[in-house]
Amino acid sequence: MDFVCPPEPPVPTADMVVVVWKAAFHLGVYDDGGLVKHEDQAACWPVALGGAPAGDKKRQGDERTPEGEFRVTHRNPKSAFHLSLGLNYPTARHADAGLAAGIIDQATRDRVAAADAARTMPVRTSALGGDIYIHGGGTFPSSWTDGCIALDNEVMDWLFVNAKPGTRVVILP
């Protein structure tokens, strides 16, 4: 059975929010309390995820797509995967968990938390991993990225124009 994005967002929203359902391999775009329309269709599309999509991202190389609430930090028109929207992974929450698990040290945790608090580009090189994007490149097979969220290029064209830095992205299990 094909997944259908719910007509109302699963999270509170006052502005645009991008929601990813990892288990369903779908992404929906919501604004003003409902699904956005794109070419007379609901803005709900299939995605590809990391090679090991179940569970939250914990470290570099685990091929997991992170879970939680993020925001678009920057747009890259020269992406190797058509176009891309950078996400603020790792967040302070991920850094706290990484510190508690002994994956990173206190200094790295503090750098990640500072970038997260300042709403700037995240720390991209740490044992937690980084460079998590929503990008083009296609959705087949469904688990081909290193932890990013991939869309068909035509969908990415639209999302790239409409999701500005600061746009919320909620990634659900």
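Residues numbered from 1 in each chain as written. Predicted model: local features only at pLDDT ≥ 70, side-chain atom pairs only at ≥ 80, totals over all residues. Heavy atoms only, no water.

J.: Looking at this structure, how should I read the nonpolar core?
T.: Buried together is how nonpolar side chains tend to be arranged in soluble globular proteins. Of all hydrophobic cores here, the largest spans 34 residues; its most connected members are L27, V29, I134, L151 and L159. Tallying contributions element by element places helix 3 (residues 153-162) first for this core, with five residues. Discounting residues that sit within four places of it in the chain, V29 has contacts with M16, V17, V18, G34, L35, V36, A43, W45, W158 and L159. (Core = buried A, V, L, I, M, F, W, Y, C linked by side-chain atoms within 4.5 Å. Buried < 20%, exposed > 50% of the residue type's maximum accessible area, 1.4 Å probe, protein only. Helix = DSSP H or I, 4+ residues; strand = E, 2+ residues; numbered from the N terminus. Contact = heavy atoms within 4.5 Å.)

J.: Please clarify how the layout of surface pockets should be interpreted in this entry.
T.: In this approach, a probe sized like a water molecule rolls over the atoms, and the result shows the empty space that is left. There is about 210 Å³ of room inside the largest pocket. Class assignment for the residues of the lining of the largest pocket results in four nonpolar, five polar and three charged. (1 Å grid on protein atoms, 1.4 Å probe; cavity = no way out; pocket = protein on both sides within 12 Å on 5 of 7 lines; lining within 4 Å. Points joined across faces, edges and corners; volume = space filled by probe spheres on them. Nonpolar A, V, L, I, M, F, W, Y, C, P; charged D, E, K, R; others polar.)

J.: Sorry, what's going on with the state of the cysteines here?
T.: What makes a disulfide is a covalent bond joining the sulfur atoms belonging to two cysteines. All chains considered together, the criterion is met by one disulfide. Put simply, C5 and C44 are joined by a disulfide, and their sulfur atoms are 2.1 Å apart. Taking the torsion about the sulfur-sulfur bond, which here is approximately 80°, the covalent link between C5 and C44 counts as right-handed. Remark: C44 occurs in strand 6 (residues 44-46) and C5 occurs in the segment before strand 1 (17-21); sequence separation between them is 39 residues. Accessibility expressed as a relative area gives 3% for C5, which makes it buried. On the accessibility criterion, C44 (17% relative accessible area) is buried. Among the cysteines around C148, which has no disulfide bond, C5 carries the closest sulfur, lying 20 Å off. (Disulfide = S-S within 2.5 Å.)

J.: In this structure, what is going on with the pairing of strand 9 (residues 84-87)? I would like to understand it.
T.: Each regular strand shows side chains that alternate between the opposite faces of the sheet. Of the two faces of strand 9, the one carrying S84 and G86 and the one carrying L85 and L87 are both buried. Looking at chain direction, strand 9 and strand 10 (residues 133-135) are connected through three bridges and run antiparallel. Paired with S84 across the two strands is H135, which belongs to strand 10. (Pairing = 2+ DSSP bridges.)

J.: Help me understand the packing of helix 1 (residues 92-100) against helix 2 (residues 106-118) in this model?
T.: In contact at an axis separation of 8 Å, helix 1 and helix 2 are set at 170° when each is read in the N-to-C sense. One finds that helix 1 runs roughly antiparallel with respect to helix 2. Between helix 1 and helix 2, the contacting residues are A92, A95, D96 and L99 on the first element and Q106, R109, V112, A113 and D116 on the second. Residue composition of the contact of helix 1 with helix 2, by class: five nonpolar, one polar and three charged. (Axes fitted to C-alpha atoms, helices over the stretch in contact; angles between N-to-C directions. Parallel < 35°, antiparallel > 145°, perpendicular 65-115°, else oblique.)

J.: I tried to follow the pattern of salt bridges on my own but got confused; where do I start?
T.: Pairing is possible between side chains of opposite charge, provided their charged atoms come close. Applying the stated criterion across every chain, the model contains eight salt bridges. We note a salt bridge from E69 to R168, for which the minimum N-O separation is 2.9 Å. Taken together, the residues span a long stretch of sequence, with E69 in strand 8 (residues 68-76) and R168 in strand 13 (residues 168-172) at a distance of 99 residues. The partner of R109 in a salt bridge is D110, and the shortest N-O contact between them spans 3.2 Å. (Salt bridge = Lys/Arg side-chain N within 4 Å of Asp/Glu carboxyl O.)

J.: Just checking my understanding: could you explain the packing of aromatic side chains for this structure?
T.: Remark: the centre distance and the inter-plane angle together describe each pair of aromatic rings, the angle taken between the planes. In the structure shown here, the tally under the stated rule is four aromatic pairs. Relative to W21, the ring of F3 lies with its centre 5.3 Å away and its plane at 50°, an arrangement referred to as tilted. Taken together, the residues F3 in the segment before strand 1 and W21 in strand 1 connect sequence positions 18 residues apart. Accessibility expressed as a relative area gives 28% for F3, which makes it partly exposed. The rings of F3, W21 and Y30 are connected pair by pair, giving a single aromatic cluster. The side chain of R75 reaches across the aromatic face of F160, ending 5.3 Å from its centre. (Phe/Tyr/Trp six-rings, centres within 6.5 Å; stacked < 30°, edge-to-face > 60°. Lys NZ or Arg CZ within 6 Å of the ring centre and 35° of its normal.)

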